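Chain by chain, the residues:
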Amino acid sequence: MNEVYAALILHEAKKEINEENIKKILEAAGAQVEEAKIKALVAALQGVNIDEALKQAVVIPTQAAVTTQEKKEEEREEEEKKRAEEAVAGLSALFG
């Protein structure tokens with residue numbers, strides 16, 4: 001994963017994403033340098049529009065967060081409804 005972060009740093013700095021630059025960043029950070037991973041990453045990023053890939057990566061979690069929030073709200077509403085029903089049942093038992 002460190003290799004990916006290094007590539008993102010290079011991209012943000014408008015520097016060329018190549019094996020040498022990624023290796024320099026990893027070494028400067030004191031991270032383990034794995035040549036095979038660096039070569040694979042550089043090869044995988046050839047022809048990739050990183051800005052577009054980042055936009056797509058941000059949209060997916062945002063949609064998931066909205067869905068999760070909606071589920072939490074539904075669960076909360078169901079719990080409140082259940083408590084209200086239990087309260088009514090308790091009052092019915094007292095006065096019924």
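In what follows, the structure referred to is the one given above.
This text gives an overview of the structure that appears in the document.

Thresholds, definitions, all that
Residues numbered from 1 in each chain as written. Predicted model: local features only at pLDDT ≥ 70, side-chain atom pairs only at ≥ 80, totals over all residues. Heavy atoms only, no water. Core = buried A, V, L, I, M, F, W, Y, C linked by side-chain atoms within 4.5 Å. Buried < 20%, exposed > 50% of the residue type's maximum accessible area, 1.4 Å probe, protein only. Helix = DSSP H or I, 4+ residues; strand = E, 2+ residues; numbered from the N terminus. Salt bridge = Lys/Arg side-chain N within 4 Å of Asp/Glu carboxyl O. Arc of directions from axis to C-beta. Contact = heavy atoms within 4.5 Å. Polar contact = N/O pair within 3.5 Å; in protein donor to acceptor, adjacent residues only side chain to side chain.

## Quick look at the nonpolar core
Residues Ala6, Ala7, Leu10, Ile17, Ile22, Leu26, Ile38, Leu41, Val42 and Ile50 constitute the largest nonpolar core, which totals 10 residues. Listed by contribution, the elements that provide at least two residues to this core are helix H1 (2–12), helix H2 (19–29) and helix H3 (35–45).

## Thoughts on the pattern of salt bridges
Under the counting rule described, the total for this entry stands at four salt bridges. Between Lys24 and Glu20 there is a salt bridge; the shortest N-O distance is 3.2 Å. Residue Lys24 and its partner Glu20 are located together in helix H2, separated by four residues, close to a single helical turn. Across the salt bridge formed by Arg83 and Glu79, the nearest N and O atoms sit 3.7 Å from each other. A residue pair is termed a helical-turn pair when its members lie 3 or 4 positions apart in one helix, as Arg83 and Glu79 do in helix H4 (residues 50–95) at four residues. Note on Glu79: relative accessible area 35%, which makes it partly exposed.

## Some points on unusual backbone geometry
Positive phi values are uncommon outside glycine, yet Lys14 reaches one of about 60°. In this fold, Lys14 is placed in the loop between H1 and H2. A relative accessible area of 74% means that Lys14 is categorised as exposed.

## Focus on the environment of Lys24
Given the relative accessible area of 46%, Lys24 is considered partly exposed. Lys24 sits 42 residues away from Val66 along the chain, and the two C-alpha atoms are 39 Å apart.

## As for H2
Listed in full, the buried residues belonging to H2 are Asn21, Ile22 and Leu26. Within H2, the buried residues cover an arc of 135° as seen down the axis, which keeps them to one side. With respect to the buried face of H2, the exposed residues turned more than 90 degrees away are Glu20 and Ala28. Next to the buried residues of H2 lie H1 and H3. A side-chain oxygen of the first residue of H2 lies 3.3 Å from the backbone nitrogen of Glu20; this N-cap is Asn18. Just past H2, the residue Gly30 takes up positive phi, approximately 75°.

These results come straight from atomic positions and should not be treated as a statement about function.
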